[in-house]
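# What the coordinates show
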Amino acid sequence: MAPKVIPRDAHPVSRKLISENALKVLYRLQSHGHEAYLVGGGVRDILLGQQPKDFDIATSAKPEEVHALFKNSRLIGRRFKLVHILFGRDMIEVATFRGQANAESGKGSHHQSDEGMLLRDNVYGSVDEDAIRRDFTVNALYYNANDFCVYDFVDGLSDIADRKLRLIGDPETRYREDPVRMLRAVRFAAKLDFDIEERTRAPIFELADLLENIAPARLFDEVIKLFMSGHGVRIFESCRSFGIYASLFPEVDHTLNKSEHSACYLRFIHAALNNTDRRIAADKPVTPAFLYASMLWPEVHRRWQSNMAQGMNEFPAMQAAIQPTLSHQLRHISIPKRFSLQMKEIWEFQVRLTRTKGRRPHELVQHPRFRAAYDFLVLREQAGEPTNSLGAWWTSFQEKHPAPAKAPRNRSHDKPPARRRRRRPPQRPSNQ
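Attention in this report is confined to the structure presented alongside it. Computed from a prediction, not measured in an experiment: that's the story for all the values here. (Residues numbered from 1 in each chain as written. Predicted model: local features only at pLDDT ≥ 70, side-chain atom pairs only at ≥ 80, totals over all residues. Heavy atoms only, no water.)

A separate point is the overall build of the protein. What the protein contains, in helices and strands, is 20 helices and 12 strands. Burial statistics for the protein: of 432 residues in total, 47% are counted as buried. Residue pairs at least 24 apart in sequence account for 68% of intrachain contacts in the protein once pairs closer than 6 positions are excluded. Summing over all exposed atoms, the protein offers an accessible surface of approximately 23,300 Å²; the carbon and sulfur share of this is 48%. (Helix = DSSP H or I, 4+ residues; strand = E, 2+ residues; numbered from the N terminus. Buried < 20%, exposed > 50% of the residue type's maximum accessible area, 1.4 Å probe, protein only. Contact = heavy atoms within 4.5 Å. Areas by Shrake-Rupley, 256 points an atom, 1.4 Å probe, with all protein chains shown as cover.)

The tally for this structure, following the rule as stated, stands at 20 aromatic pairs. Measuring from ring centre to ring centre gives 5.1 Å for F236 and Y245, while their planes differ by 85 degrees; the resulting arrangement is edge-to-face. Here the two residues F236 and Y245 agree in accessibility, since each one is buried. Through a chain of ring-to-ring contacts, three or more aromatic side chains come together here, namely F220, F236, Y245, F249, Y292 and F339. The lysine or arginine in question, R8, covers the ring of F148, its NZ or CZ lying 4.2 Å from the ring centre. (Phe/Tyr/Trp six-rings, centres within 6.5 Å; stacked < 30°, edge-to-face > 60°. Lys NZ or Arg CZ within 6 Å of the ring centre and 35° of its normal.)

What follows is about the pattern of salt bridges. Considering all chains together, one arrives at 20 salt bridges under this definition. Put simply, D130 and R134 hold a salt bridge, and the shortest N to O gap is 3.1 Å. Linking R352 and E348 is a salt bridge whose minimum nitrogen-to-oxygen distance equals 4.0 Å. Here the residue R352 and the residue E348 both occupy positions in helix α17 (residues 337-352), the gap between them amounting to 4 residues, near one helical turn. Assessed through its relative accessible area of 14%, E348 is described here as buried. Among the charged side chains, a salt-bridge network with shared partners connects E251, E299, R302 and R303. (Salt bridge = Lys/Arg side-chain N within 4 Å of Asp/Glu carboxyl O.)

Ranked by size, the top nonpolar core spans 102 residues in total, and within it L29, F227, I244, F249 and W347 carry the most contacts. Looking at this core element by element, the count peaks at 10 residues for helix α15 (residues 288-309). Contact partners of F249, with chain neighbours within four places excluded, come to V223, F227, Y292, M295, L296, Q329 and I333. Core analysis: the second largest hydrophobic core is formed by 13 residues, A58, V127, A131 and C149 among them. (Core = buried A, V, L, I, M, F, W, Y, C linked by side-chain atoms within 4.5 Å.)

This part is about the environment of P324. Mapped onto the secondary structure, P324 falls in helix α16 (residues 314-329). In sequence terms P324 and V300 are 24 residues apart; their C-alpha atoms lie 8.8 Å from each other.

The subject of this paragraph is the packing of helix α13 (residues 250-258) against helix α14 (residues 262-281). A packed helix pair is summarised by two numbers, namely the angle formed by the two axes and the spacing between the axes. For the pair α13 and α14, interaxial distance at closest approach is 7 Å and the crossing angle is 130 degrees. Between α13 and α14, the interaxial angle falls into the category oblique. Facing α13, whose interface residues are T255, L256, N257 and K258, α14 presents S262, Y265, L266 and I269. (Axes fitted to C-alpha atoms, helices over the stretch in contact; angles between N-to-C directions. Parallel < 35°, antiparallel > 145°, perpendicular 65-115°, else oblique.)

Moving on: the pairing of strand β5 (residues 82-87). In regular strands, side chains alternate between the two faces of the sheet. Summarising the sheet, strand β4 (residues 73-76) and β5 pair through 4 bridges and their orientation is antiparallel. Bridging from a neighbouring strand, S73 pairs with I85 of β5. What sits between the antiparallel neighbours β4 and β5 is a turn of 5 residues, in which G77 has the positive phi angle 85 degrees. Pairing of β5 with strand β6 (residues 90-96) involves 5 bridges; the strand directions are antiparallel. Its bridge partner lying in β6, V83 is registered against V94. (Pairing = 2+ DSSP bridges.)

Where helix α11 (residues 232-242) contacts α14, the axes come no closer than 8 Å and their chain directions differ by 140 degrees. With respect to each other, α11 and α14 are oriented oblique. Contacts from G232, V233, F236, E237 and R240 of α11 reach α14 at L266, I269, H270, L273, N274 and D277. Split by residue class, the contact of α11 with α14 holds 5 nonpolar, 3 polar and 3 charged. (Nonpolar A, V, L, I, M, F, W, Y, C, P; charged D, E, K, R; others polar.)

Now for the environment of F188. Structurally, F188 is set in helix α7 (residues 180-192). The exposure class assigned to F188 is buried, which follows from its relative accessible area of 6%. C-alpha of F188 to C-alpha of H231: the two residues are 43 residues apart in sequence and 10.0 Å apart in space. Not counting chain neighbours up to four residues away, the residues in contact with F188 comprise R44, D135, F136, N139, L165 and D193.

This next bit is on the sheet that holds β4. Strand order in the open sheet formed by 8 strands is β1-β10-β9-β2-β3-β6-β5-β4, with mixed pairing between adjacent strands. The open sheet has two free edges, formed respectively by β1 (4-6) and β4, since each of these has just one partner strand. Each strand of the sheet is rotated relative to its neighbour by a mean of 30 degrees, with strand direction disregarded. Relative to the sheet, helix α1 (residues 20-31) contacts β2 (36-39), β3 (56-59), β5 and β6, its axis offset from that of β6 by approximately 35 degrees.

Quick look at the structure:
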């Protein structure tokens, strides 16, 4: 398949806009006789006038050949073999051109489930075969650092001009091969402010439940990409309208649809995602623990209130609400323990923060999880959840009792540690 070749003077992609490390990888691969192109989001974002964050490379070199060329690399993946080349904190991902499976490929290289999902896909091919194996047309543009041309095999440039997200090939087949492509469609549409083309859009409503076949550990990462992309509110609404959210958070989705407090719960999730979006825009840190604690709060709160209505005290009722909520959610999305423990603390703190007498408030503000729990409480209050103005009380308390600033240690005046003098061993008397 012959591509459209866009010469250097007809596109804005320049080596000045490409990571120096990505260029090193491109040039070394090419100097050893391999084809190598910058591809995917790096090219797409430059064409859209945005600053690219990721620089992925596609090459004719096999994964083992790439690994041999770079001592600072590691082979990853069994389902899709890739090479990650590490330059300190910077990572360049290199993938070998994918090809079409045929009788000669063998089951060891290509394997699909009965539902059509790709379980292994290590069939290699040429650059034009690679282009039609990619997901969206706007991600299938190749930049050659040797001739400075952009190669377009699937009319991706037209879709960028029309701000349209279009899946390559038959959409239903492609979604069955990898249901995560539905999440990517929603995420890219929000991130790029593109419309999802109708043929790409239509099958999602019917195939959303295929996400239940995806490994829970993989879905954890994909949900982070969705809701910590800086466009969480729009993505949340898209996921609900497509039926995707029900496959990711089934119990929460049921509560949002059936609970008498649905409106309040929805306002809370919107407030939490808005808060996350603002922090990302301001380049402030965000944590998966707070995100997942917010997403699961409607179900935790429902169970908590139900337990108290049956006569349980506040704190035991909260603990009894947390455990089944997490257990059911872990069947769908595997949340690492380091985050689930933080989530429990944030939830349990919603009870602890009701204790505002005596020395207790002074002790609570010293706790490492206080700030996250306080922010969580304020979001609950903003959403209209009845808290007896507890968030306002804690805001006022912190204004009246600001935490003492830690004085920076001036090491220039520190005395050097005294040298320890070695004792001489006692001299033994001579026998002579």
